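# A look at the structure
Residue strings, one per chain:
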Number of protein chains: 2
Amino acid sequence: MFETLEVGKKIQPNDFDELQQQLREKLLMAQLDLADRDYPVIIVVAGLDGAGKGSLVQQLNEWMDPRWIETNTFWEHSDEEESRPFFWRFWRRLPARGEIGIFLGSWYTPPAQAAVNGEMTAEEFTLYCKQIESFERMLTDDGALVVKLWLHISRETQQKRLQDDSPHRKTGPRGSDRPYELHGKYDRTLEVSEQLILATDSSHSPWHLLEAEDQHYRDITAGELILEALLHRAGRPPAVITPHIPTTERITGPQPTVLESVDLSAKLEGDSYSEQLQVQQSRLRDLCWRAYQQKRSVVAVFEGWDAAGKGSAIRRVTRAIDPRLFRLVQFAAPTDEERAHHYLWRFWRQLQRDGRCTFYDRSWYGRVLVERVEQFAAPAEWQRAYSEINRFERQLVEHGGILLKFWIHISKDEQEKRFLSRQNTAHKQHKLTEDDWRNREKWHEYELAVDQMVSHTSTRHAPWTLVAGNSKPYARIQILETFCETISSALDTP
Amino acid sequence: MFETLEVGKKIQPNDFDELQQQLREKLLMAQLDLADRDYPVIIVVAGLDGAGKGSLVQQLNEWMDPRWIETNTFWEHSDEEESRPFFWRFWRRLPARGEIGIFLGSWYTPPAQAAVNGEMTAEEFTLYCKQIESFERMLTDDGALVVKLWLHISRETQQKRLQDDSPHRKTGPRGSDRPYELHGKYDRTLEVSEQLILATDSSHSPWHLLEAEDQHYRDITAGELILEALLHRAGRPPAVITPHIPTTERITGPQPTVLESVDLSAKLEGDSYSEQLQVQQSRLRDLCWRAYQQKRSVVAVFEGWDAAGKGSAIRRVTRAIDPRLFRLVQFAAPTDEERAHHYLWRFWRQLQRDGRCTFYDRSWYGRVLVERVEQFAAPAEWQRAYSEINRFERQLVEHGGILLKFWIHISKDEQEKRFLSRQNTAHKQHKLTEDDWRNREKWHEYELAVDQMVSHTSTRHAPWTLVAGNSKPYARIQILETFCETISSALDTP
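Residues numbered from 1 in each chain as written. Chains lettered and ligands numbered in written order. Predicted model: local features only at pLDDT ≥ 70, side-chain atom pairs only at ≥ 80, totals over all residues. Heavy atoms only, no water.

## Here we look at the overall build of chain A
Rules: Only DSSP runs of H or I with at least four residues qualify as helices, and only runs of E with at least two residues qualify as strands; both kinds are numbered from the N terminus onward. Think of it in three bands: residues with accessible area under 20% of the maximum for their type are buried, residues over 50% are exposed, and the middle band is partly exposed, with areas taken using a 1.4 Å probe on protein chains only. Should any heavy atoms of two residues lie within 4.5 Å, those residues are counted as being in contact. The Shrake-Rupley method, run with a 1.4 Å probe, gives the accessible areas here. Residue values count only the displayed protein chains as cover. In this tally, Asp and Glu contribute negative charge and Lys and Arg positive charge; neither His nor the terminal groups of the chain are included. Charged groups are reduced to one reference atom each: NZ for lysine, CZ for arginine, CG for aspartic acid, CD for glutamic acid.
Scanning chain A from N- to C-terminus turns up 20 helices and ten strands. Projected onto the principal axes, the alpha-carbon positions of chain A cover approximately 85 × 50 × 45 Å. Expressed as a percentage of its 494 residues, the buried residues of chain A come to 59%. Long-range contacts, defined here as pairs at least 24 residues apart, represent 83% of the contacts in chain A between residues at least 6 apart. When the accessible area of chain A is evaluated, it comes to approximately 20900 Å², of which 51% is carbon and sulfur surface. Looking at chain A, you have 64 positive and 75 negative side-chain charges, and the mean spots of the two groups are 5 Å apart.

Structural data, given as structure tokens:
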């Protein structure tokens, strides 16, 4: 695969100056045009050590307007990154729409290093490549332009460059963070690189391999590839895959939804409620401290009908937990920084560290609920959200997170009762808006959306809990019990 | 000072329920009202260990709508926090306008602990209190409501509560992060607490001391104090201190500004330029690696006239530095998240870690330049910005940062020449906007703003460098040389 990259492609110094002048003007223009576009550009610069990835990035920064480029590197230790799912570190560095993010060292570095050093099994390697593939797919589905450059040099050149000890190489962190720079690993590195490239080369984010022996050729060609990609992407929007949307009403006529399985007659009387409340809360309190000790994070999602009692249920949970251990985040309209990123970005950014709890009052499921019903999201967007969400949650769980998802269910009549009572209680009126009445008219559409949501996203590693909400005391206890059961069974017994 | 807090204030359990019902409704109303206000609320919960700070915060979270309250704690290690100036960790947690941030453990914890353990000299302690005072002053000047609660309990009560070993106390991190919980330190703790309270009690952010023996009294009183503060603040905006604004024109007639001291005739010829460029760039490259090794961060601010050559000068600098070591940030219009915070917040949030470089293309000085001249900022705002900026920069330097500030100066004629040439160069036209011509008409006002800016903020620890920009080659070399000189003299010789 790499033979074609050792044929001595060159550009003469004097040609270079003229070429770079043309290229630079075009790149600047393309960058200017990009500023008004609604998609980000992600440039991955990968390849062999000594191939000059750093110099190329500097060249790009010089050609283009560095104010709209962010160069991201991940070679420095950060315990805030390490105490979250692996991809969090990349999510928080993703460029906003209209901007360019260069990733020098990226999601490709760890598997490459690990595989070369034999620290990763073939299965792990394959799995990892799949994750990369779906990560990039998610970004490109959202409109992002992903340009991946692989820089290759011959064994001799690498030897030469790695021996060359310019001062910054002495002072720099190389070696430490580049175990596979060590001699004798060249062949193995090529082998792994080829696997990595083959496994992650796709129509939506293809690899560009280029010969990096001659720095002039390397830089001009890289710049040209990026320019082409920018122009091509600007030329036509990516084909939107319009999925098959199952009609919500079947010819079989209306059928029961999963919500019908919830026994709304379930009740709990005053006294036994307060008893159980105390028991479960103090149990939860201790469990959260144990989870903290075991560095297991707890992520809980609260969804439900308007007036289902989400807020008060959440308070019964948070009240039990030391405020130092949890963060409750609530999602109203996204900020413009959030709007400028993939819809999952705003949820990733709130994720607390290992050992802490993150409670989401409304969550990423808005995509397949309100955004679907109100048509804020296109069918293609909410349809693919199911798998995006499943992958996201899988990462949380695989990182050791304990995930809980609650849908608090109430009957349509119960909701009406509560709406009316809100109208008549001073400090509750603010909770009732026109929207609430409007959403209520779409009750059945929401029912079907919930039904599909549960069937698509209630997985083995992240099941939904449907809460019987007509009796608030019952619902609260059910939620607290579920918390305690799930956490304690996930923790190592002390 | 604390005698009055050991008199046995109490609330009977049955009164409590009624009181909390009233209080809760009022707090919710006040919180609702706050949502539309343009200021944040910062609640500091401090006091003796065992006084029930945590329980109080949980009570507040339950009374109010926890979705609009963020509880912030700082007991967990984070190398990203520790590798930045101390207050960065608080800046990034400041609530947005209309929201409430509860600080449980705050800027008061470290000095208290250190002083009790004799790890801090009286001078350091005093200095620290001054920093707190000006930090809070900056927030309240910006409109923030700061409510500080100090919870007191008697020696006996503390003993009892600290001995009590409920499971979460066993599992919790207490002890480790609370050295002064150790017995025998009660008296010393009171002593330090009194000093701390006296030194940081002020009209703009007063302390509220309350007896915490009885939890019902503690919670109700705390809630009441917060409610009062909210209503009072909502009732009338804080008195804006309108400072004396020196008239820009003196009766002495126009006088030379500091900019006249810049020799704009300075030139540099082609060959010696390219030589020096190479020399300085490779020198800078190595210096940045050494700074990285010594964990010294470099912070550089670039300001100057439109078309002064900021961008191209910055590129000559960034080109010299390994992209893994620097981040260049540029400031256009603030995002809505940025607008919702103190104007310095957006600059704090971009600050890179120790050993890294942060380059600001335009900076916090916009406050006393464009925002002043264009009257985006009120006189009181830009006037107090001088001292806010000096304190901010002092923190950078005291943390070990190496700070550089460049104003690139050109003559009015030179600017016109460059504007016209921009009009005639395809890939430069985008750089010229109507604003540029408009700003040009205000040349003299900007001159005076720069003159005052330099005289107020060119301090011993953070001097300005005025760059002679009529000759771009000369300016670039002057900047690179200043970089090298400043960094190398700041570093320990290897």
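Once you've had a look at it, read on.
## Considering the sheet that holds strand β6 (residues 298-304) of chain A
Residue and element names in this part refer to chain A. Selection criterion: At least two DSSP bridges between two strands are needed for those strands to be called paired. Inter-axis angles, ranging from 0 to 180 degrees, are taken between N-to-C directions of lines fitted to C-alpha atoms, where helices are fitted over the stretch in contact.
The strand order β7-β8-β6-β9-β10 describes an open sheet built from five strands, whose pairing is parallel. One side of each edge strand has no neighbouring strand; the edge strands of this open sheet are β7 (326-330) and β10 (464-468). If you compare each strand with its neighbour and ignore which way they point, the axes differ by 20° on average. Sheet topology note: the β6/strand β9 (residues 402-409) ladder contains seven bridges and is parallel. Residue pairing across strands places Phe302 opposite Phe406, the latter belonging to β9.

## Focus: the relation of the copies chain B and chain A
As a reminder of what qualifies: Fitting of the copies onto one another was done by least squares over C-alpha atoms, counting residues only where both copies have pLDDT of at least 70.
Least-squares fitting of chain B to chain A yields an RMSD of 0.1 Å, with the transformation described by 0.0 Å of translation along the axis and a rotation of 180°. Both copies are brought into coincidence by an operation consistent with a two-fold rotation axis.

## With respect to the domain arrangement of chain A
Residues and elements named next belong to chain A. Applied cut-off: Just so you know, the domain bounds were taken from an automatic or database domain assignment. Defined in terms of a 1.4 Å probe, buried area is the accessible area two parts forfeit on being brought together, summed over both. The rule for a salt bridge is simple: a side-chain nitrogen of Lys or Arg has to be within 4 Å of a carboxyl oxygen of Asp or Glu. Identification of polar contacts relies on pairs of N or O atoms within 3.5 Å, with a donor-acceptor requirement for protein atoms, meaning one able to donate a hydrogen and the other able to accept it, and with residues adjacent in sequence counted only if both atoms are side-chain atoms.
By domain assignment, chain A separates into domain 1 (3-256) and domain 2 (260-490). Spacing between the C-alpha centres of domain 1 and domain 2 amounts to 37 Å. With 28 residues of domain 1 at the contact, the number on the domain 2 side is 28 residues. Across the domain 1 to domain 2 interface the summed buried area is about 2500 Å²; carbon plus sulfur atoms make up 59%. For domain 1, the biggest contributors to the area lost against domain 2 are Pro85, Trp91 and Met138; these three give 23% of the whole. There are one salt bridge connecting domain 1 and domain 2. Note that Asp79 and Arg353 form a salt bridge whose closest N and O atoms lie 3.7 Å from each other. Taken together, domain 1 and domain 2 are joined by eleven residue pairs in polar contact (both at pLDDT 80 or more). Of all the secondary-structure elements, those providing two or more residues to the side of domain 1 that touches domain 2 are α3 (79-82), α4 (88-91) and α6 (122-141).

## Considerations on the interface of chain B and chain A
Threshold: Note on residue classes: Ala, Val, Leu, Ile, Met, Phe, Trp, Tyr, Cys and Pro are nonpolar, Asp, Glu, Lys and Arg are charged, and everything else, Gly too, is polar.
On the side of chain A, 69 residues touch chain B, which itself brings 67 residues to the contact. Both faces combined, the contact of chain B with chain A buries some 6200 Å², and carbon together with sulfur accounts for 49% of it. Linking chain B with chain A are eight salt bridges, by the criterion used here. When its residues are assigned to classes, the side of chain B that touches chain A shows 19 nonpolar, 18 polar and 30 charged.

## What to know about the pairing of strand β10 (residues 464-468) of chain B
The element β10(B) is largely enclosed, with a buried count of five among its five residues. A two-sided burial pattern is seen for β10(B), the buried positions comprising Trp464(B), Leu466(B) and Ala468(B) on one face and Thr465(B) and Val467(B) on the other.

## Here's the deal with the packing of aromatic side chains
What counts, and what does not: For Phe, Tyr and Trp, where Trp contributes only its six-membered ring, two rings pair if their centres lie within 6.5 Å, and the inter-plane angle classes them as stacked under 30 degrees, edge-to-face over 60, or tilted in between. In this scheme, Lys NZ or Arg CZ marks a charge over a ring once it lies within 6 Å of the ring centre and within 35 degrees of the ring normal.
The tally for this structure, following the rule as stated, stands at 75 aromatic pairs over all chains. Over the ring of Tyr343(A) we find Arg367(A); its NZ or CZ atom is 4.2 Å from the centre of that ring. The ring centre of Tyr39(B) lies 3.8 Å from the NZ or CZ of Arg233(B), which sits over that ring.

## Describing helix α11 (residues 270-293) of chain A
Residues and elements named next belong to chain A. Applied cut-off: Helices are assigned an expected span. That span is 1.5 Å times one less than the residue count.
Between its first and last C-alpha atoms α11 spans 35 Å; for 24 residues at 1.5 Å apiece the expected length is 34 Å, and the two agree. Within α11, burial applies to Tyr273, Leu277, Gln280, Gln281, Leu284, Arg285, Leu287, Cys288, Trp289, Arg290, Ala291 and Tyr292. Once α11 finishes, Lys295 follows within two positions and takes phi at roughly 55°, a positive value.

## Regarding the sheet that holds strand β5 (residues 207-211) of chain B
Residues and elements named next belong to chain B. Taken in spatial order, the five strands make up an open sheet running β2-β3-β1-β4-β5, and their pairing is parallel. A single partner strand is all that each edge strand has here, and the edge strands are β2 (69-72) and β5. For this sheet, the mean angle separating the axes of adjacent strands, direction not counted, is 20°. Pairing geometry for strand β1 (residues 41-47) and strand β3 (residues 100-104), over five bridges, is parallel. Within β3, the residue paired with Ile42 across the bridge is Gly101.

## Quick notes on the environment of Val262(A)
Residues and elements named next belong to chain A. Structurally, Val262 can be placed in the loop between α10 (215-235) and α11. Taking the C-alpha atoms as reference, Val262 lies 44 Å from Ser202; in sequence the two are 60 residues apart. Residues within four places of Val262 in sequence aside, it is in contact with His409, Leu466, Val467 and Ala468.

## A word on the nonpolar core
All names here are of chain B. Heads up, the rule is: What is meant by a nonpolar core is a set of buried Ala, Val, Leu, Ile, Met, Phe, Trp, Tyr and Cys residues, joined one to another through side-chain atoms within 4.5 Å.
In terms of nonpolar packing, the biggest core is built from 148 residues, with Trp107, Leu149, Leu284, Phe359, Trp364 and Phe483 touching the most fellow members. With nine residues, the top contributor of residues to this core is helix α10 (residues 215-235). Lining this core are residues from two domains, each supplying at least three of them: domain 1 (3-256) and domain 2 (260-490).

## Notes on the pattern of salt bridges
Applying the stated criterion to the full structure yields 59 salt bridges over all chains. Across the salt bridge formed by Arg137(A) and Asp141(A), the nearest N and O atoms sit 3.4 Å from each other. With Arg137(A) and Asp141(A) both in helix α6 and four residues apart, the pair spans about one turn of that helix. Assessed through its relative accessible area of 30%, Arg137(A) is described here as partly exposed. Between Glu388(B) and Arg384(B) there is a salt bridge, and its shortest N-O distance comes to 3.3 Å. A residue pair is termed a helical-turn pair when its members lie 3 or 4 positions apart in one helix, as Glu388(B) and Arg384(B) do in helix α16 (residues 379-398) at four residues. Arg384(B) shares its class with Glu388(B); the two are buried. Through salt bridges with shared partners, a single ionic network connects Glu337(A), Glu338(B), Arg346(B) and Arg349(B).

## Re unusual backbone geometry
One non-glycine residue, Gln375(A), lies in positive phi territory at about 60°. Of note, Gln375(A) is situated in the loop between α15 (370-373) and α16 (379-398). Look at Ala307(B): it is not a glycine, yet its phi comes out positive at around 70°. Mapped onto the secondary structure, Ala307(B) falls in the loop between β6 (298-304) and α12 (310-320). Ala307(B) gets classed as buried once you look at its relative accessible area, which sits at 8%.

## A closer look at the packing of helix α1 (residues 13-35) of chain B against α10(B)
Residues and elements named next belong to chain B. The cut-off we apply is this: Put simply, angles under 35 degrees are roughly parallel, angles over 145 are roughly antiparallel, angles from 65 to 115 are roughly perpendicular, and the rest are oblique. What makes a crossing left-handed is the near helix being turned counterclockwise from the far one by less than a right angle; a clockwise turn instead makes it right-handed.
Contact pair α1 / α10: the axes reach a minimum separation of 10 Å and the direction vectors enclose 25°. By the angle between their axes, α1 is roughly parallel relative to α10. Crossing of α1 against α10: the hand is left-handed. In contact with Pro13, Phe16, Leu19, Gln20, Leu23, Lys26, Leu27, Ala30 and Asp33 of α1, α10 contributes His216, Ile220, Gly223, Glu224, Ile226, Leu227, Leu230, Leu231 and Ala234.

## Comments concerning the packing of α11(A) against helix α12 (residues 310-320) of chain A
Residues and elements named next belong to chain A. Two elements in contact, α11 and α12, have axes whose closest approach is 8 Å; the angle formed by their N-to-C orientations is 50°. Regarding the angle of α11 to α12, the classification is oblique. Of the residues in α12, those touching α11 at Tyr273, Leu277, Gln281, Leu284 and Arg285 are Arg316, Val317, Arg319 and Ala320.

## Remarks on the environment of Tyr292(B)
Within the secondary structure, Tyr292(B) sits in helix α11 (residues 270-293). On a C-alpha basis, the gap between Tyr292(B) and Phe302(B) in space is 21 Å, while along the polypeptide they are ten residues apart.

## What about the pairing of strand β3 (residues 100-104) of chain A?
Residue and element names in this part refer to chain A. Of all five residues making up β3, five are buried, and the element is well covered by its neighbours. Here strand β2 (residues 69-72) pairs with β3 via four bridges, running parallel. Residue pairing for β3: Ile69 is matched across the bridge by Ile100.

## Here we look at the confidence of the model for chain A
Residues and elements named next belong to chain A. How we decide: Confidence of the predictor at the level of single residues is captured by pLDDT, which takes values from 0 to 100.
The predicted model of chain A has a mean per-residue pLDDT of 89, with 92% of residues at 70 or higher. Of all helices and strands in chain A, the one with the weakest mean pLDDT is helix α8 (residues 167-171) (49), whereas β9 scores best (98). When the criterion is pLDDT under 50, residues 173-177 qualifies, and its contacts beyond four places in sequence or with other chains add up to twelve contacts. We note a pTM of 0.85 for the whole complex and an ipTM of 0.80 for its interfaces.

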